[in-house]
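Listed here are the chains, written in short residue letters.
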Amino acid sequence: MSNDKFNRFLGDTPGRVLIRLIFLSLIVGIVLAALDFSPLSLIYSVQDFFVRIWNMGFSAIERFGSYFFLGAIVVVPLWFITRLMNWRGR
């Protein structure tokens, strides 16, 4: 019973999943090597992303907040009206 749940979690038997993961890793590795992409460049890209966000400071948060409130001004009343219409129809 426990083995069946484990196989269901993996999607197949462990051996087949391992073979599939090895094959897919090899294909993705070939494609990334052809694009001259390395794991360190990915780490540096993520680090640069967070540094740029940090350097933008609170203007990014302010911009996000203004987009959020602008959308909420439209979405919340429409949601409320549709809830009222559905409630009255019952």
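It should be emphasised that the depicted structure is a prediction, and the values quoted were computed from it without experimental measurement. Every chain's residues receive numbers from 1 upward, in the order its sequence appears when written. At least 70 in pLDDT is required for a residue's local features to be given in this predicted model, at least 80 for side-chain atom pairs to be given and counted, and no such filter applies to totals for whole chains, interfaces and linings, which use all residues. Side-chain metrics in this entry use all non-hydrogen atoms of the structure; hydrogen atoms and water are not considered.

Caption draft 1: A look at the overall build of the chain. Counting from the N terminus, the helices are the DSSP runs of H or I reaching at least four residues and the strands are the DSSP runs of E reaching at least two. Along its length, the chain carries four helices and zero strands. When the helices and strands of the chain are placed in sequence order, the string is α-α-α-α. As defined in this context, the radius of gyration uses C-alpha atoms, and a globule is described by 2.2 Å times the residue total to the power 0.38. Taken over C-alpha atoms, the radius of gyration comes to 25 Å for the chain, far larger than the 12 Å a tight globule of 90 residues would show. The dimensions of the chain, computed from C-alpha atoms along their principal axes, are 55 × 50 × 25 Å. Throughout, the Shrake-Rupley method with a 1.4 Å probe supplies accessible areas, and for residues the shown protein chains are the sole cover considered. Here the chain has roughly 8,700 Å² of accessible surface; of this, 73% comes from carbon and sulfur atoms. Residues scored as positive are Lys and Arg, those scored as negative are Asp and Glu, and His as well as the terminal groups of each chain are ignored. Throughout, a charge is located at the NZ atom of Lys, the CZ atom of Arg, the CG atom of Asp or the CD atom of Glu. Charge separation in the chain, taken as the distance between the mean sites of 9 positive and 5 negative side-chain charges, equals 18 Å.

Caption draft 2: Structural context of the pattern of salt bridges. Within this document, salt bridges are pairs made up of a side-chain nitrogen of Lys or Arg and a carboxyl oxygen of Asp or Glu, the two lying within 4 Å of each other. What the rule picks out here adds up to three salt bridges. Two residues, Arg-8 and Asp-4, come together in a salt bridge whose shortest N-O distance is 3.9 Å. On the criterion of helical spacing, the pair formed by Arg-8 and Asp-4 is a turn pair, its members being four residues apart in helix H1 (residues 2–10). Each residue is assigned to one of three classes by its accessible area relative to the maximum for its type, calculated with a 1.4 Å probe on protein chains only: buried under 20%, partly exposed between the two thresholds, exposed over 50%. Residue class for Asp-4 comes out partly exposed when judged on its relative accessible area of 45%. Here Asp-12 ties to Arg-20 by a salt bridge, and the two come within 3.3 Å at their closest N and O atoms.

Caption draft 3: How the structure looks around the environment of Gly-29. Topologically, Gly-29 is positioned in helix H2 (residues 14–34). The exposure class of Gly-29 is partly exposed, given its relative accessible area of 35%. Distance in space between the C-alpha atoms of Gly-29 and Leu-84 is 54 Å, their sequence separation being 55 residues.

Caption draft 4: The arrangement of the packing of aromatic side chains in detail. What counts as a ring pair is set by centres within 6.5 Å for rings of Phe, Tyr and Trp (its six-membered ring), and what kind of pair is set by the plane angle: stacked under 30 degrees, edge-to-face over 60, tilted for all other angles. Enumeration according to the criterion identifies two aromatic pairs in this entry. For the pair Phe-49 and Phe-50, a centre-to-centre distance of 5.3 Å together with 70° between the ring planes defines the contact as edge-to-face. Overall, Phe-49 belongs to the partly exposed group, its relative accessible area being 41%. On the basis of relative accessible area, Phe-50 is assigned to the exposed category, the value being 53%. Here the aromatic rings of Phe-68 and Phe-69 are separated by 5.2 Å at their centres, their planes lie at 70°, and the arrangement is edge-to-face.

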